[in-house]
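In case you want the letters, here they are:
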Amino acid sequence: MILQALTDYYRVLEQAGKIDAPGWAPVKVSYALLLSENGTLEQVIDIQTEQPRGKKMASAPQILSLPAPVKRTVGVAANFLCDNAGYLLGIDSKGKPQRTRECFEASRSLHEQLLAGVDSPAARAVAAFFRSWDPETAREHPALAEHLEDILSGGNLIFRTLDGYVHRDPSVRRAWDAFYQAEGDGPQGICLVTGQPGPVESVHPAIKNVAGAQSSGAALVSFNAPAFCSYGKEQNLNAPTGKYAAFAYTSALNALLADREHVFRVGDATVVCWARSGERGYQDVFQMFFSDFYDETDLKGLVGALCQGNPVVYDETKLDPSMDFYILGLSPNSARLSVRFFLHNTFGGFLRNVQAHYDRLEIVRPAYDKFETLPLWKLLSETVNQNARDKSPAPDLAGEVLRAVLTNTRYPATLLNGVALRIRAEREVTRGRAAIVKAYYQKLAETTKHENPDIPEEVLQVSLNPDASNVPYTLGRLFSVLEAIQASANPGINATIKDKYFNSAAATPAVIFPILLNLAQKHLKKLRGSNAGLVVFYEKQLTELCSRIGEQYPAHMNLPQQGSFQLGYYCQTQARYQKKEEAKDV
């Protein structure tokens, strides 16, 4: 399914002229070897371009459309018209002169084979270069002196004449196309992607730009051990893929990964997305969903219309909510890639799922919080110790949460466990953590179609529910009031009851709350002399909340009950702060 979707996407891009034709690929090139008509090396031209790197500009290789490079393993394999100094010049930079000589001879043989019948000045110049070039004296060539050190660092070289780049010569291009189409000594078979008969590719082109993978590229389809093979087949012959399909899916995926504007990271996964039509507008809107500026009013209106099934126009592109949309997450695994997830739905279906996720996360927001909606990275950061050197969330957790959001299924239990651990360790219920607790149990009840009596619907509200009768929720509210009483009686106190008693109050309230209420009476007594009106206010709150609890406190509270406690504490605290903000505004 993944290869079929990518191959279809390649066809769309090729028809629109947005991607290279079969046999051609974008390659990073640093220098051009200028040849005379008789094949003499006249000059080495630096064709690198200035590109931004952080706040500075730096020289970087230029990306050109060139004959598709081969995927190299440990053997010698030459590329046509573009390669490193070892292959094109025969100059050894790795202390292996014999192997370098073999590389040059392989390159010479390939170019002589392809250019033998090509009648053009550019082809004759390259053929003459390989006939006359002597690798033994290459280092002393005057044309190489200026850039020799950079050339030996591994950058790619190409050929050009006074008439232009050799790879753009029409006769040379026809020779390469004919060679590429005829090449293929693999066994005949039926391609599992296209269903067409033909030679099967034993090694597929490499996939590049996956974060954490090898810079030279990694394999999406790979069989590198006998345990993975069947019926005596070797390598990718176990999953027969035709030459066109292998080139098409790798070219499409490399194009997606090279488009840095539409690639984002979730944990260790590199995520790309695309619409069947190939229009970038779908990618733009989808990625905004996971950005920090989703709060913009215009975007919310646009997404709202799409979620309702209505087409909209964005950046001169008509977006159809019924358009097929694909999301692929890839993780590095040495020289191979692991598929973290692959999802297919309509564009509107994905947007509805993400919008439902944001609706579940909605909870009262502190005045200082700049995020109207919580982006995914912010959500995952709530499971991580922010004082740790590595603030990255668990890789598996990030992928599981994203999959749950996009498919509108239950959140992973590891998300709730991560938040519970951070609350216990830091004794802090932040907006993000409260939102996760609320969303997790809300989705759980929706999925199982059964309300959890320990954390019922009356607890899972956006803001404080003063009429809720749930005892754990009320205990959380009571703890917040007791904390406020202590803060009023002892302004600027360093350690509060939250620092000492929060976790134990949430787990064993029968043991802790009698101690806290006794302590609160002492604080009220101290406060009575300076602010009798505030004492009356607090006493009314204590009386109301204690009357909801009943005669006995629960001896123990399970995890869902502790979630209710945390939500009650958070909402009561935010209600108190909101009243202060309203008083300031008046």
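Residues numbered from 1 in each chain as written. Predicted model: local features only at pLDDT ≥ 70, side-chain atom pairs only at ≥ 80, totals over all residues. Heavy atoms only, no water.

1. Digging into the overall build of the chain
When its secondary structure is counted, the chain shows 19 helices and 17 strands. With respect to the principal axes defined by its C-alpha atoms, the chain has extents near 105 × 50 × 50 Å. Across the 586 residues in the chain, those meeting the buried criterion constitute 50%. Summed over all atoms, the accessible surface of the chain reaches about 28300 Å², with 50% contributed by carbon and sulfur. Distance between charge centroids for the chain: 7 Å, based on 61 positive and 63 negative side chains. (Helix = DSSP H or I, 4+ residues; strand = E, 2+ residues; numbered from the N terminus. Buried < 20%, exposed > 50% of the residue type's maximum accessible area, 1.4 Å probe, protein only. Areas by Shrake-Rupley, 256 points an atom, 1.4 Å probe, with all protein chains shown as cover. Lys, Arg positive; Asp, Glu negative; His and termini not counted. Charge placed at Lys NZ, Arg CZ, Asp CG, Glu CD.)

2. Topic: unusual backbone geometry
Notably, asparagine 209 is not glycine yet its phi reads approximately 75 degrees, a positive angle. Relative to the helices and strands, asparagine 209 is located in the loop between β11 (197-199) and α7 (243-258). On the accessibility criterion, asparagine 209 (38% relative accessible area) is partly exposed.

3. Remarks on the packing of helix α8 (residues 280-288) against helix α10 (residues 347-361)
Contact geometry of α8 with α10 gives a least axis separation of 11 Å together with a crossing angle of 10 degrees. Compared by their axis directions, α8 and α10 come out roughly parallel. In this structure, α8 uses Tyr282, Val285 and Phe286 to contact α10, whose residues at the interface are Phe347, Phe350 and Leu351. Looking at side-chain class alone, the contact of α8 with α10 contains 6 nonpolar, no polar and no charged residues. (Axes fitted to C-alpha atoms, helices over the stretch in contact; angles between N-to-C directions. Parallel < 35°, antiparallel > 145°, perpendicular 65-115°, else oblique. Contact = heavy atoms within 4.5 Å. Nonpolar A, V, L, I, M, F, W, Y, C, P; charged D, E, K, R; others polar.)

4. What to know about helix α15 (residues 471-489)
Over its 19 residues, α15 extends 27 Å from the first C-alpha to the last, a length consistent with the 27 Å expected when each residue adds 1.5 Å. Where burial is concerned, most of α15 is hidden: 16 out of the 19 residues are buried. (Expected span 1.5 Å × (residues − 1).)

5. Topic: the nonpolar core
Counting residues in each nonpolar core, the largest one holds 94 residues, and the members touching the most others are Phe286, Ile327, Phe479 and Leu482. When residues no more than four places from it in sequence are discounted, the contact partners of phenylalanine 286 are Phe264, Cys273, Phe325, Ile327, Phe347, Phe350, Leu351 and Leu406. Ranked by size, the runner-up nonpolar core spans 76 residues in total, among them Leu115, Cys191, Ala248 and Trp274. (Core = buried A, V, L, I, M, F, W, Y, C linked by side-chain atoms within 4.5 Å.)

6. Regarding the environment of valine 126
Here valine 126 is to be found in helix α4 (residues 121-132). For the pair valine 126 and leucine 380, spaced 254 residues apart in sequence, the C-alpha separation works out to 56 Å.

7. A closer look at helix α16 (residues 497-507)
Looking at α16, one finds that the buried residues are Ile497, Lys498, Tyr501, Phe502, Ala505 and Ala506. With its buried residues spanning 135 degrees around the axis, α16 presents them on a single face. (Arc of directions from axis to C-beta.)

8. Details of the packing of α16 against helix α17 (residues 509-528)
The geometry of α16 relative to α17 is characterised by a closest axis approach of 7 Å and an angle of 145 degrees between their N-to-C directions. The residues of α17 that touch α16, namely those facing Ile497, Tyr501, Ser504, Ala505, Ala506 and Ala507, are Pro509, Ile512, Phe513, Ile515, Leu516 and Leu519. Split into classes, the residues belonging to the contact of α16 with α17 amount to 11 nonpolar, 1 polar and no charged.

9. Thoughts on the sheet that holds strand β13 (residues 269-275)
On the basis of which strands lie adjacent, the open sheet formed by 4 strands has the order β12-β13-β16-β17 and antiparallel pairing. What marks the edges here is a single partner per strand, and that holds for β12 (264-266) and β17 (336-346). The mean inter-strand angle of the sheet, taken between neighbouring strand axes irrespective of direction, is 30 degrees. Pairing geometry for β12 and β13, over 3 bridges, is antiparallel. The partner of valine 266 across the bridge, within β13, is alanine 269. The sheet strands contacting helix α1 (residues 2-15) are β13, β16 (324-333) and β17, and the helix crosses β13 at an angle near 55 degrees. Packed on one face of the sheet, α7 meets β13 and β16 and runs near 110 degrees to β13. (Pairing = 2+ DSSP bridges.)

10. A closer look at the pairing of strand β5 (residues 56-60)
Consecutive side chains along a regular strand alternate between the two faces of the sheet. When strand β4 (residues 49-53) meets β5, the two strands line up antiparallel, connected through 5 bridges. Across the sheet, glutamate 50 pairs through a bridge with serine 59, a residue of β5. From the end of β4 to the start of β5, which pair antiparallel, there are 2 residues, and glycine 54 there has a positive phi angle of about 70 degrees.

11. Brief notes about the side chain of arginine 360
The residue arginine 360 is located in helix α10 in this model. Although arginine 360 is buried, it forms no salt bridge, and the closest oppositely charged side chain is glutamate 446 at an N-O distance of 4.1 Å. In this structure the side chain of arginine 360 is engaged in a polar contact, spanning 3.2 Å, whose partner is the side chain of asparagine 408. Here the side chain of arginine 360 touches tyrosine 411 through a polar contact of 3.1 Å, side chain to side chain. What arginine 360 contacts, discounting residues up to four positions off in sequence, is Asn408, Tyr411, Ala435, Lys438, Ala439, Gln442, Lys443 and Glu446. (Salt bridge = Lys/Arg side-chain N within 4 Å of Asp/Glu carboxyl O. Polar contact = N/O pair within 3.5 Å; in protein donor to acceptor, adjacent residues only side chain to side chain.)

12. Side note on the packing of aromatic side chains
This structure, assessed with the given rule, holds 31 aromatic pairs. Between tryptophan 274 and tyrosine 326, the ring centres sit 5.4 Å apart and the planes meet at 20 degrees, which makes this aromatic pair stacked. On the criterion of sequence distance, the pair formed by tryptophan 274 in strand β13 and tyrosine 326 in strand β16 is long-range, its members being 52 residues apart. Judged by relative accessible area, tryptophan 274 falls into the buried class, the value being 0%. By relative accessible area, which is 8% here, tyrosine 326 ends up buried. Taking the centre distance of 5.7 Å and the plane angle of 15 degrees together, the rings of phenylalanine 513 and tyrosine 553 count as stacked. You can see phenylalanine 513 sitting in helix α17 and its partner tyrosine 553 sitting in the loop between α18 (532-549) and α19 (559-585), a full 40 residues away along the chain. Relative accessible area serves as the criterion here: at 0%, phenylalanine 513 is assigned to the buried category. Given the relative accessible area of 23%, tyrosine 553 is considered partly exposed. Grouping aromatic residues by their ring pairs yields a cluster made of Tyr10, Phe80, Trp176, Phe179, Tyr180, Tyr244 and Phe247. Residue placement shows arginine 173 over the ring face of tryptophan 24; its charged tip is 3.9 Å from the ring centre. Its end group placed over the ring of tyrosine 180, lysine 243 keeps NZ or CZ at 4.1 Å from the ring centre. (Phe/Tyr/Trp six-rings, centres within 6.5 Å; stacked < 30°, edge-to-face > 60°. Lys NZ or Arg CZ within 6 Å of the ring centre and 35° of its normal.)

13. Some details on the state of the cysteines
Per the stated rule, a full pass over the model turns up 0 disulfides. Here cysteine 273 is not cross-linked by a disulfide; its sulfur's nearest cysteine counterpart is in cysteine 307, at 16 Å. Given the relative accessible area of 1%, cysteine 273 is considered buried. Between cysteine 571, a cysteine without a disulfide, and cysteine 546, which holds the nearest cysteine sulfur, the sulfur-to-sulfur distance is 19 Å. (Disulfide = S-S within 2.5 Å.)

14. Quick look at the pattern of salt bridges
Counted according to the given criterion, the structure contains 18 salt bridges. Close ionic contact of aspartate 324 with arginine 276 constitutes a salt bridge, the shortest N to O distance being 3.1 Å. One end of the pair, aspartate 324, is in strand β16; the other, arginine 276, is in the loop between β13 and α8, and 48 residues separate them in sequence. When the shortest N-O distance is used, the salt bridge between arginine 433 and glutamate 382 registers 3.3 Å.

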